[in-house]
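Summary of structural features
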Amino acid sequence: MPRQYRAPDAGSGTERETRPEAVVPGDDLQVFLKALASGTRQKLFSHFAAGEELTVGEVAERAGLGPSTASEHLAVLRRGGLLHSTRSGKLVRYRADHEGIAELLDQLRCYLLAPAEPRDDARPPHGGPGRAD
């Protein structure tokens, strides 16, 4: 569930233009976005788009990466809610976490589309009525 934005204390010295009602992304959404911020991780995730379940070794081979590098990137994708992992003996298999992704995308949609309250000191758009030049 997204958190409501809390304005900084009056004496904090931080003044930013904010929407008091704006939803601030939760930690899980921030980790999700960071996981997607890497082009390498985006390419790795594309291997799971068709619903395949792959091991670290299979992903590393397909992506031309070393197993430890692939493992690190897969762990970030898993923590970001993009992948689900299951262990079978020594093998860990990864697959896309469609439910987790849908939930995080819904949070992102709510965050990006939160309605803005008009500010009292807001000026009309450039060149609009009420503009004193």
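Residues numbered from 1 in each chain as written. Predicted model: local features only at pLDDT ≥ 70, side-chain atom pairs only at ≥ 80, totals over all residues. Heavy atoms only, no water.

1. Quick word on the overall build of the protein
Definition in use: Secondary structure elements follow DSSP: runs of H or I of four or more residues count as helices, runs of E of two or more count as strands, with numbering from the N terminus. A simple rule labels every residue: compare its accessible area, found with a 1.4 Å probe on the protein chains alone, to the largest value its type can have, and call it buried under 20%, exposed over 50%, or partly exposed in between. The contact rule is simple, with two residues in contact once any of their heavy atoms fall within 4.5 Å.
Secondary structure assignment for the protein yields 5 helices and 5 strands. In the protein, the succession of α and β elements from N to C terminus is β-β-α-α-β-α-α-β-β-α. Taken over 133 residues, the protein has a buried fraction of 28%. Counting contacts in the protein only where the partners sit at least 6 residues apart, residues at least 24 apart contribute 52% of the total.

2. A short note on the pairing of strand β4 (residues 83–88)
Looking along a regular strand, one sees side chains alternate from face to face of the sheet. The condition that has to hold: Two strands pair if DSSP finds at least two bridges between them.
Strand direction decides the pairing type here: β4 and strand β5 (residues 91–96), joined by 6 bridges, are antiparallel. From the neighbouring strand, S88 faces β5, where its bridge partner is L91.

3. Comments concerning the environment of H98
Checked against the element boundaries, H98 lands in helix α5 (residues 98–112). The class of H98 is exposed, set by a relative accessible area of 52%.

4. Re the pattern of salt bridges
Formally: Here a salt bridge means any side-chain nitrogen of Lys or Arg lying within 4 Å of a carboxyl oxygen belonging to Asp or Glu.
Scanning the entire structure with this criterion turns up 4 salt bridges. Across the salt bridge formed by R62 and E52, the nearest N and O atoms sit 2.9 Å from each other. Pair noted here: R62 is in helix α3 (residues 56–63) and E52 is in the loop between α2 (39–46) and β3 (54–55), with a separation of 10 residues, a long-range link. On the basis of relative accessible area, R62 is assigned to the partly exposed category, the value being 42%. We classify E52 as partly exposed; its relative accessible area is 32%. E58 is the partner of R93 in a salt bridge, and the nearest nitrogen-oxygen pair spans 3.8 Å. Remark: E58 occurs in helix α3 and R93 occurs in strand β5; sequence separation between them is 35 residues.

5. Regarding a nonpolar patch on the surface
We apply this condition: The patches described consist of residues with a relative accessible area above 30% and no salt bridge, like charges being joined within 9 Å and nonpolar side chains (Val, Leu, Ile, Met, Phe, Trp, Tyr) within 5 Å. Using a 1.4 Å probe, accessible areas were evaluated by the Shrake-Rupley method; residue-level cover was limited to the displayed protein chains.
A cluster of nonpolar residues, Y111, L112 and L113, forms a patch on the protein surface that exposes about 320 Å² of accessible area. Relative to the helices and strands, L113 is located in the segment after α5. Residue class for L113 comes out exposed when judged on its relative accessible area of 62%.

6. A closer look at the environment of L83
With respect to the secondary-structure elements, L83 resides in strand β4. With 12 residues separating them along the chain, L83 and R95 place their C-alpha atoms 5.4 Å apart.

7. A few points about the sheet that holds β4
If you trace the 3 strands from one edge of the open sheet to the other, you get β3-β5-β4, paired in antiparallel fashion. Among the strands making up the open sheet, the edge pair consists of β3 and β4.

8. As for the nonpolar core
Defined as follows: The definition of a nonpolar core used throughout is a set of buried Ala, Val, Leu, Ile, Met, Phe, Trp, Tyr and Cys residues joined through side-chain atoms within 4.5 Å.
The biggest cluster of nonpolar side chains holds 21 residues, and the ones touching the most others in it are F45, F48, L74, L77, L82, L83 and Y94. For this core, the elements supplying multiple residues, two or more each, are α1 (27–36), α2, α3, α4 (67–79), β5 and α5. Discounting residues that sit within four places of it in the chain, Y94 has contacts with F48, E52, E53, L54, V56, L74, R78, L83, H84 and S85.

9. Observations regarding the packing of α1 against α5
Applicable threshold: Between N-to-C directions, angles cover 0 to 180 degrees, with each direction set by a line fitted to C-alpha atoms, over the stretch in contact for helices. Throughout this description, any angle smaller than 35 degrees is read as roughly parallel, any larger than 145 degrees as roughly antiparallel, any in the 65 to 115 degree range as roughly perpendicular, and the remainder as oblique. Put simply, Ala, Val, Leu, Ile, Met, Phe, Trp, Tyr, Cys and Pro go in the nonpolar bin, Asp, Glu, Lys and Arg in the charged bin, and everything else, Gly too, in the polar bin.
Viewed as axis vectors pointing N to C, α1 and α5 meet at an angle of 105°, and their least axial separation amounts to 10 Å. For the element pair α1 / α5, the angle class is roughly perpendicular. Only L104, L105, Q107 and L108 of α5 make contact with α1, whose side of the interface consists of D28, L29, F32 and L33. Of the residues assigned to the contact of α1 with α5, the class counts are 6 nonpolar, 1 polar and 1 charged.

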